[in-house]
Amino acid sequence: MKTNNKISGAEAVIKCLLHEGVDLIYGYPGGAIMPVYDELYKYQDKLNHILTRHEQGATHAAQGYARTSGKVGVAIATSGPGATNLVTGIADAQIDSTPIVCITGQVSSKLLGSDAFQETDIIGISTPVTKWNYQITRAEEIPEIFAKAFYIAKTGRPGPVLIDITKDAQFNDLIFNYKKCYGIRSYVPKPKLDLSQIKEAAKIINEAKKPFIVYGQGVILGNAEKELRSFIEKTGIPSAWTILGLSAMPTEHPLNVGMVGMHGNYGPNVLTNECDVLIAIGMRFDDRVTGDLNTYAKQAKIIHLEIDPAEINKNVYAHYPILGDCKESLKILTSKVSKNNHDEWLVSFEKKMKIEIDAVIKNDTKPVKKGLTMGEVIVSINKYTKGDAVIVTDVGQHQMVACRYAKFVRSKSNITSGGLGTMGFALPAAIGAKMGAPNREVVAVIGDGGYQMTIQELGTIFQTGVAVKIVVLNNDYLGMVRQWQQLFFDKRYASTEMINPDFVTISKGYNIEAERVNERENLNNAVEKMILSKKPYFLEVCVEKEDNVFPMIPSGSSVSDIRLK
């Protein structure tokens, strides 16, 4: 603490975080951020810093923490390579609307633009993948910029914010006065609801014979799970989820008909092109959901509930756009729709599900003649977690299988890299997810390829003791790429076969209990042992090498062209 009521910029950074209610951050120190770390050392009783083993791990951990806790995640790094190592996680957070604040050190302001040691224009680099960023060059800017950063990150459609702080701004003094931000001119995080549009949408819903709901992560981000359920149960409309919307409703709810998208369920995809009204709630019509836009739901009236104006009519034209917070808009819409049921229409989904069970699901979850499948592993995890675990997935075949077969009974349970598809996401994100929900079981389900992209974060688990359960589904391939090579490139498996290390030995080197399963008869006991453990645990399951994930919509094809084999 400085005299004359002044403190250093570095201490101001710590005080700003405390004023925003931050008690946990992830990061990696270095020269340009060292003044902040020096002050952090003095505040260890109030602010817990988790030393990750790579800056990318810090951003993914901050994402996992934000997704389970509902708070803003914080990551911190030095300049140059430290800052650029954050970029993948920042981009992931941007496209998946995850609120994180990233703090980077920077060379002194007099050296900016001189190609000084470890200088990088992180503001220029991160501009396309942040909701907002700012470079602080004067200590007195720190309180106002931090207040704005947290406000922007968590309001409206959430997203990542980056603050770059020059080293001299960290050393220099300021009179500290923190005022939380409650509004910024020209920034309207929550659009005003158009009640006339809601009234029109309600009329269309009441008249519909084959209405269909697709809900996404906007429901979870908007804390609108209860409102969604009330709307669905009053209208009796069959409902499907996007990957990021999974867990907003219990998966076993009778009106939940499955997942849409490239590897989603057969019925929801095919019947998208048969519904007469499509109600999209908190989702953005991603290409993996829509397939060929020229053939997507052309017969249907589209009602789109969305908080971000940029998403309205971006990919799919909305006949009835309802711009606003879906927690508010759903509540009003529910009050205006009639109590109804669509039992005959629901039977159409049930018939399609029967086809999928016979053609795909039985083979995935109850195989008879072949080796272990990824689906069996997810079913076993369901058995011992009873659908109450947080499941964190990476990207690839294991991700699609987990999203297809995992059962969830409450929200904020499915944590995955959706829009960016980041290999290496799951392990550090699971660390953050567990710290954000310490009383919940957190299981990271990862492929052998993605696991090795951030395997160094086992060191973070070792140092913190965070009780993450890690399941690696090992097929000795980059499985999703191999599947495409098999189906579309005449089985030319170019650079997709993996020669893997002994994962069990590596885990034990980090003092993490570990086991490998090769045989079906050992699977359930191994999963039960893992779940019952109160410590971090690693389980490798060796699965069929050339299993494919079906159903599948070939890239660029219509949702009606979904393949069962």
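Cut-off values and rules
Residues numbered from 1 in each chain as written. Predicted model: local features only at pLDDT ≥ 70, side-chain atom pairs only at ≥ 80, totals over all residues. Heavy atoms only, no water. Helix = DSSP H or I, 4+ residues; strand = E, 2+ residues; numbered from the N terminus. Rg over C-alpha atoms; globule rule 2.2 N^0.38 Å. Buried < 20%, exposed > 50% of the residue type's maximum accessible area, 1.4 Å probe, protein only. Domains from an automatic or database assignment. Contact = heavy atoms within 4.5 Å. Buried area = accessible area lost by both parts, 1.4 Å probe. Salt bridge = Lys/Arg side-chain N within 4 Å of Asp/Glu carboxyl O. Core = buried A, V, L, I, M, F, W, Y, C linked by side-chain atoms within 4.5 Å. 1 Å grid on protein atoms, 1.4 Å probe; cavity = no way out; pocket = protein on both sides within 12 Å on 5 of 7 lines; lining within 4 Å. Points joined across faces, edges and corners; volume = space filled by probe spheres on them. Pairing = 2+ DSSP bridges. Axes fitted to C-alpha atoms, helices over the stretch in contact; angles between N-to-C directions. Disulfide = S-S within 2.5 Å. Phe/Tyr/Trp six-rings, centres within 6.5 Å; stacked < 30°, edge-to-face > 60°. Lys NZ or Arg CZ within 6 Å of the ring centre and 35° of its normal.

For the chain, the count of helices and strands is 23 helices and 20 strands. Against the globule reference of 24 Å for 565 residues, the chain gives a C-alpha radius of gyration of 24 Å, in line with a compact fold. C-alpha extents for the chain along the principal axes are approximately 75 × 60 × 40 Å. Evaluated residue by residue, the chain yields a buried proportion of 60% over its 565 residues.

The next point concerns the domain arrangement of the chain. Assigned domains within the chain: domain 1 (6–175), domain 2 (195–349) and domain 3 (370–542). Using C-alpha coordinates to define each centre, domain 2 is positioned 30 Å away from domain 3. Between domain 2 and domain 3, the contact holds 18 residues from the first and 18 residues from the second. For the domain 2 and domain 3 pair, buried surface summed over both sides reaches about 1500 Å², with 58% attributable to carbon and sulfur atoms. Broken down residue by residue, the surface that domain 2 buries against domain 3 is led by Ile243, Ser247 and His263, which jointly contribute 36%. On the surface where domain 2 and domain 3 come into contact, there are 1 salt bridge.

What follows covers the nonpolar core. Counting 94 residues, the largest nonpolar core has Leu278, Ile279, Ile281 and Ile303 as the members making the most contacts within it. Here this core spans two domains, since at least three of its residues come from each of domain 2 (195–349) and domain 3 (370–542). If near-sequence neighbours (up to four positions away) are discounted, isoleucine 303 is found in contact with Ala201, Ile204, Ile205, Val277, Leu278, Ile279, Ala280, Tyr320 and Ile322.

So, on to the pattern of salt bridges. Under the counting rule described, the total for this entry stands at 25 salt bridges. Measuring nitrogen to oxygen at the nearest pair gives 2.7 Å for the salt bridge that ties lysine 469 to glutamate 441. Separated by 28 residues along the polypeptide, lysine 469 in strand E18 (residues 469–474) and glutamate 441 in the loop between helix H18 (426–436) and strand E17 (442–447) bring together distant segments of the chain. Lysine 545 is the partner of aspartate 476 in a salt bridge, and the nearest nitrogen-oxygen pair spans 3.9 Å. Taken together, the positions of aspartate 476 in the loop between E18 and helix H21 (479–488) and lysine 545 in the segment after strand E20 (537–542) put the pair 69 residues apart, joining distant regions of the chain. Several salt bridges share partner residues, and in doing so they unite Arg157, Asp308, Glu311 and Lys314 into one network.

Right, let's get into empty space enclosed by the protein. Considering all chains together, one arrives at 1 cavity of 30 Å³ or more under this definition. Volume-wise, the largest cavity comes out at about 70 Å³. Looking at the largest cavity, the residues that line it are Asp364, Thr373, Met374, Gly375, Val401, Arg404, Tyr405, Asp547, Asn548 and Val549. Looking at the lining of the largest cavity, the elements with two or more residues in it are helix H16 (374–385) and helix H17 (397–405). Of the residues forming the lining of the largest cavity, the biggest block, 3 residues, is contributed by H17.

Moving on to the layout of surface pockets. Over the atoms, a rolling probe the size of a water molecule traces out where space has been left empty. In this model, the second largest pocket occupies a volume close to 710 Å³. Considering the residues around the second largest pocket, the lining is formed by 31 residues, among which Glu252, Met353, Ile361, Tyr405 and Lys407 are closest to the centre. Looking at the lining of the second largest pocket, the elements with two or more residues in it are strand E11 (256–259), helix H15 (343–365), H16, H17 and helix H23 (523–532). The element best represented in the lining of the second largest pocket is H15, accounting for 8 residues.

The next point concerns the sheet that holds E20. On the basis of which strands lie adjacent, the open sheet formed by 6 strands has the order E16-E15-E17-E18-E20-E19 and parallel pairing. Pairing within the sheet leaves two strands with one partner each, and these edge strands are strand E16 (414–416) and strand E19 (513–517). Here the average twist between neighbouring strands, direction ignored, is 20°. Alignment of E17 against E18, held across 5 bridges, turns out to be parallel.

On to the pairing of strand E4 (residues 73–77). Of all 5 residues in E4, 5 are buried; the element is thus mostly enclosed. On E4, burial covers both faces: Gly73, Ala75 and Ala77 on one face and Val74 and Ile76 on the other are all buried. Where strand E2 (residues 24–27) lies against E4, 2 bridges are found, and the strand directions are parallel. Bridge pairing in E4 links glycine 27 to isoleucine 76.

The 6 strands lie next to each other as E11-E10-E9-E12-E13-E14, forming an open sheet whose pairing is parallel. Unpaired on one side and paired on the other, E11 and strand E14 (320–323) mark the two borders of the sheet. Taking the axes of each pair of neighbouring strands and ignoring which way they run, one obtains an average angle of 20° across the sheet. Sheet analysis places strand E10 (residues 239–241) next to E11, joined by 3 bridges and oriented parallel. Paired with tryptophan 241 across the strands is methionine 259, a residue of E11. Relative to E14, helix H9 (residues 195–207) is tilted by about 130°, and along the sheet it contacts strand E12 (277–281), strand E13 (301–306) and E14.

By the element assignment, alanine 297 lies in the loop between helix H13 (287–290) and E13. Separated by 26 residues in sequence, alanine 297 and leucine 271 have C-alpha atoms that sit 9.0 Å apart. Excluding anything up to four places from it in sequence, alanine 297 contacts Thr272, Asn273, Leu278 and Ile302.

Now for the state of the cysteines. A full pass over the atoms with the stated rule returns 0 disulfides. Here cysteine 326 is not disulfide-linked; the sulfur of cysteine 275 is the nearest cysteine sulfur, at 20 Å. Residue classification places cysteine 326 among the buried residues on the basis of a relative accessible area of 6%.

Any aromatic ring pair is given by two values, namely how distant the centres are and how the planes are angled relative to each other. The tally for this structure, following the rule as stated, stands at 12 aromatic pairs. Ring centres 5.7 Å apart and planes at 75° place the aromatic pair tyrosine 477 and tyrosine 493 in the edge-to-face group. In this pair, tyrosine 477 is assigned in the loop between E18 and H21 and tyrosine 493 in the loop between H21 and helix H22 (503–509), connecting sequence segments 16 residues apart. On the basis of relative accessible area, tyrosine 493 is assigned to the partly exposed category, the value being 23%. Ring-pair connections join several aromatic residues into one group, and the members of that group are Phe212, Trp345 and Phe349. The positively charged end of arginine 482 is found above the aromatic ring belonging to tyrosine 477, 5.8 Å away from the centroid.

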